[in-house]
Amino acid sequence: MSDGHDGHPHHEGMDASDGLSYYGRRAQAIEALLVEKGLCTSEEVQSAMDNVESRSPADGARVIARAWADPGFKARLLADPGSALTELGYTLPDTTPHLAVVENTEQVHHMVVCTLCSCYPRTLLGRPPDWYKSFAYRSRAVVDPRGVMREFGLELDESVEVRVLDSTADLRYLVLPRRPAGTDSLSEDALAKLVSRDSMIGVCNPRVPDPVAAD
Ligand code: FE
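Bear in mind that the values here come from a model prediction, so they are computed numbers and not experimental data.

### Looking at the packing of aromatic side chains
Turning to step 1, where the next piece is worked out: Summed over the entire model, instances satisfying the criterion amount to 6 aromatic pairs.
Turning to step 2, where the next piece is worked out: Ring centres of W131 and Y132 lie 6.3 Å apart, and the angle between their planes is 70°; this geometry places the pair in the edge-to-face category.
Turning to step 3, where the next piece is worked out: Exposure remark for W131: the relative accessible area of 21% places this residue in the partly exposed category.
Turning to step 4, where the next piece is worked out: Here the aromatic rings of W131 and Y137 are separated by 4.9 Å at their centres, their planes lie at 80°, and the arrangement is edge-to-face.
Turning to step 5, where the next piece is worked out: Here Y137 falls in the buried class, since its relative accessible area comes to 5%.
Turning to step 6, where the next piece is worked out: Linked through ring pairs, Y120, W131, Y132, Y137 and F152 together constitute an aromatic cluster.

### Considerations on the coordination of the iron ion
Turning to step 1, where the next piece is worked out: Around the iron ion, the protein contributes the donor atoms C114 (SG), C117 (SG), S118 (N), C119 (N) and C119 (SG), which lie 2.1 to 2.7 Å from the metal centre.
Turning to step 2, where the next piece is worked out: Sequence positions of the residues that donate to the iron ion give the spacing C-x2-C-S-C.
Turning to step 3, where the next piece is worked out: Residue S118 is classed as buried on the basis of its relative accessible area, which comes to 17%.
Turning to step 4, where the next piece is worked out: Owing to a relative accessible area of 9%, C119 belongs among the buried residues under this scheme.

Criteria and thresholds
- Residues numbered from 1 in each chain as written.
- Predicted model: local features only at pLDDT ≥ 70, side-chain atom pairs only at ≥ 80, totals over all residues.
- Heavy atoms only, no water.
- Phe/Tyr/Trp six-rings, centres within 6.5 Å; stacked < 30°, edge-to-face > 60°.
- Buried < 20%, exposed > 50% of the residue type's maximum accessible area, 1.4 Å probe, protein only.
- Donors = N, O, S within 2.8 Å, 3.2 Å for Na, K, Ca; no water.

Here it is as structure tokens:
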């Protein structure tokens, strides 16, 4: 990146002096300050990192499948995600960022972006994909959401209202996609397999089940 007027170079590459990238050294410095000021411990930082590393879109898919299968859970999930998620063993941080779950319907389709950086519901989806962090997605999601969805294979009817939600450091979003037709007989595990990561970001719909042979 550029050299600041303060004379401190801001690069993203590796720094030969300690083998850490600019961001690596920055993260270490921030952690050291937080610990020094007594705001958290190194163990808490490590445990938060382990928590995110252990998560994947399979966790989010499990939550969506439960919401599809259990209307009571779905209502609780939409109203108060934090407490509903404890039913499945997930604990959201009680500080920010908070999580909102938004439901896609026949009339409204939600799509999530972080226009500023890469805010993402990591507690349920793990790390965001690279395209989510790209400048192309962050800018185009706002000006041409339907065009972006088309590239993910989703052609929405003009009658469907598209709502683009901008994630922030305070509030993250998880999309509750529409349950595909023809899935009434599927188990929760089978439903979860239809829930792709991208459908929980809202750039596409869940997978459609393979045709089931007549019983
Ligand atoms: Fe962000």
